[in-house]
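# An overview of the molecular structure
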Amino acid sequence: MSKQGKLIDGKAIAKEVKVELKEDIAALKAINITPGLAAVLIGDDPASHIYVKSKSRACKKLGIYSEVIKRPAETTEEELHTLIGELNERSDIHGILIQSPLPDHLDELGAVLNVDPLKDVDGFHPVNIGHMLLGSPIFLSCTPYGIIRLLNDSGVDPEGKKVVILGRGNIVGKPLAAILMQKWDGCNATVTVCHTGTTDIPAETRQADIIVAAIGRDRFLTGDMIKEGAVIIDVGVNRVEDPAAEKGYRIYGDVDFDDCVIKASLITPVPGGVGPMTIAMLMYNTVMAAKMLTGLSL
Ligand code: GUN
């Protein structure tokens, strides 16, 4: 098959998710409710500013109210908690996200603990993580949820398959493992999570039907580490200095795309794979939050 035929088009699948949401948003607006998302951005991490801008732009395109609350890096714990408390109380805000990473002096878990779990559209609050683990989710974390949709909408059913996840981070690896192991349609997989304690990562990945790379290491997964026909999902966004590039750097995933595409049956590109799905699922969770908080089953 051609390289093109093997590509999982995250942009196209994200668009489908957003088209589905338009109906729900219209139904909410018909009863004078506009879903609202507040993004809290502390400090001046350039990547975070870009991410928050993309999230806000996606809201506006869909007709979701978006408020970006920027605060300086010197913001204190108390100021942040007061701000979150105010957002919890506001009836026009249905979803709250605290863009990560926060400056070092601020406690991320402490901040997330202050978010009302019913407004925690990132799915990071321990209450939501607990519900997810128990199989009775309120919100699923956006990137893992997006990966499940990417797979399912590409005709890949993880049920009965061996899935290897590279990385055990709180945003992707851990929640994705918890979701894929659930006895749900489109999940029910046998999951292995590889990390720094794994003695032979290539031995694990070579057995995998599906590999999700989320370790933040530039082009870590190479062709010799995968089996013929594997499905490859690349979550990595690694900035690599390159004086020959227009911007002075290039973005690579955690997967060596050119090497893996030869053996893979399906593979996500970077950019245009997982990234757009994370945003689409954030929109999905925000609309769900609006529906829940208004007591509607539209
Ligand atoms: N930083 C990196 N990814 C994310 C995300 O999905 N949500 C938030 N709030 N911060 C992030």
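Structure shown above.
Residues numbered from 1 in each chain as written. Predicted model: local features only at pLDDT ≥ 70, side-chain atom pairs only at ≥ 80, totals over all residues. Heavy atoms only, no water.

Right, let's talk about the environment of V112 for a bit. Tracing the backbone shows V112 in helix α5 (residues 108-114). Between the C-alpha atom of V112 and that of H125, which follows or precedes it by 13 residues, the distance is 5.7 Å. With near-sequence residues (within four places) excluded, V112 lies in contact with F124, H125 and P126. (Helix = DSSP H or I, 4+ residues; strand = E, 2+ residues; numbered from the N terminus. Contact = heavy atoms within 4.5 Å.)

Glancing now at the packing of helix α2 (residues 10-30) against helix α11 (residues 274-293). Where α2 meets α11, the closest approach of the two axes is 9 Å, and the angle between their N-to-C directions is 15°. It follows that α2 is roughly parallel to α11 by the angle criterion. The way α2 lies across α11 gives a crossing that is left-handed. Contacts from G10, K11, I13, A14, V17, K18, L21, D24, I25 and L28 in α2 reach P276, M277, A280, M281, M283, Y284, V287, M288, A290 and K291 in α11. (Axes fitted to C-alpha atoms, helices over the stretch in contact; angles between N-to-C directions. Parallel < 35°, antiparallel > 145°, perpendicular 65-115°, else oblique. Left-handed = near helix turned anticlockwise from the far one by under 90°.)

Below, the discussion takes up empty space enclosed by the protein. Across all of its chains, the model carries 1 cavity of 30 Å³ or more by this definition. Taken as a whole, the largest cavity holds about 50 Å³ of empty space. Lining the largest cavity are I96, L97, I98, V112, V115, D120, D122 and F124. Broken down by element, the residue count for the lining of the largest cavity peaks at 3 residues, all from strand β3 (residues 95-98). In terms of residue class, the lining of the largest cavity is made up of 6 nonpolar, no polar and 2 charged. (1 Å grid on protein atoms, 1.4 Å probe; cavity = no way out; pocket = protein on both sides within 12 Å on 5 of 7 lines; lining within 4 Å. Points joined across faces, edges and corners; volume = space filled by probe spheres on them. Nonpolar A, V, L, I, M, F, W, Y, C, P; charged D, E, K, R; others polar.)

Attention shifts here to the nonpolar core. Among the nonpolar cores identified, the biggest contains 56 residues, and I147, V212, V231, I233 and M283 are the most heavily contacted of them. Counting residues per element, this core draws most heavily on α11, which supplies 11 residues. Those residues within four positions of V231 in sequence are excluded, and the remaining contacts are I8, L151, V156, D209, I210, I211, S265 and L266. (Core = buried A, V, L, I, M, F, W, Y, C linked by side-chain atoms within 4.5 Å. Buried < 20%, exposed > 50% of the residue type's maximum accessible area, 1.4 Å probe, protein only.)

Our focus in this paragraph is the sheet that holds strand β5 (residues 190-194). Taken together, the 5 strands give an open sheet; going across it, the order is β5-β4-β6-β7-β10, and neighbouring strands pair in parallel fashion. Strand pairing shows two members of the sheet lacking a second neighbour, β5 and β10 (266-267), which therefore form its edges. Bridge count between strand β4 (residues 162-166) and strand β6 (residues 210-213): 4 bridges; the pairing is parallel. Paired with I165 across the bridge in β6 is V212. Relative to the sheet, helix α8 (residues 173-180) contacts β4, β5 and β6, its axis offset from that of β4 by approximately 165°. (Pairing = 2+ DSSP bridges.)

What follows covers the sheet that holds strand β1 (residues 36-42). If you walk across this open sheet you meet the 3 strands as β2-β1-β3, and the pairing is parallel. Strand pairing shows two members of the sheet lacking a second neighbour, β2 (65-71) and β3, which therefore form its edges. Ignoring which end each strand starts from, the neighbouring axes of this sheet average 15° apart. Judged from the 7 bridges that link them, β1 and β2 form a sheet pairing that is parallel. By the bridge assignment, L37 is partnered in β2 with S66.

Before going further, it helps to spend a moment on the pattern of salt bridges. Summed over all chains, the structure comprises 9 salt bridges. Measuring nitrogen to oxygen at the nearest pair gives 3.9 Å for the salt bridge that ties D258 to K3. Of the two residues, D258 sits in helix α10 (residues 257-260) while K3 sits in helix α1 (residues 3-6), which places them 255 residues apart along the sequence. Linking D218 and R219 is a salt bridge whose minimum nitrogen-to-oxygen distance equals 2.7 Å. Judged by its relative accessible area of 31%, D218 falls in the partly exposed class. Residue R219 is classed as partly exposed on the basis of its relative accessible area, which comes to 31%. Salt bridges here are not isolated pairs; linked through shared partners, they connect E20, R149 and D153. (Salt bridge = Lys/Arg side-chain N within 4 Å of Asp/Glu carboxyl O.)

A few words on the layout of surface pockets. Quantified by volume, the second largest pocket comes out at close to 280 Å³. In this structure, the second largest pocket is lined by 13 residues; those nearest its centre are E108, L109, V112, F124 and N170. Only α5 and α6 (126-134) provide two or more residues apiece to the lining of the second largest pocket. The element best represented in the lining of the second largest pocket is α5, accounting for 4 residues.

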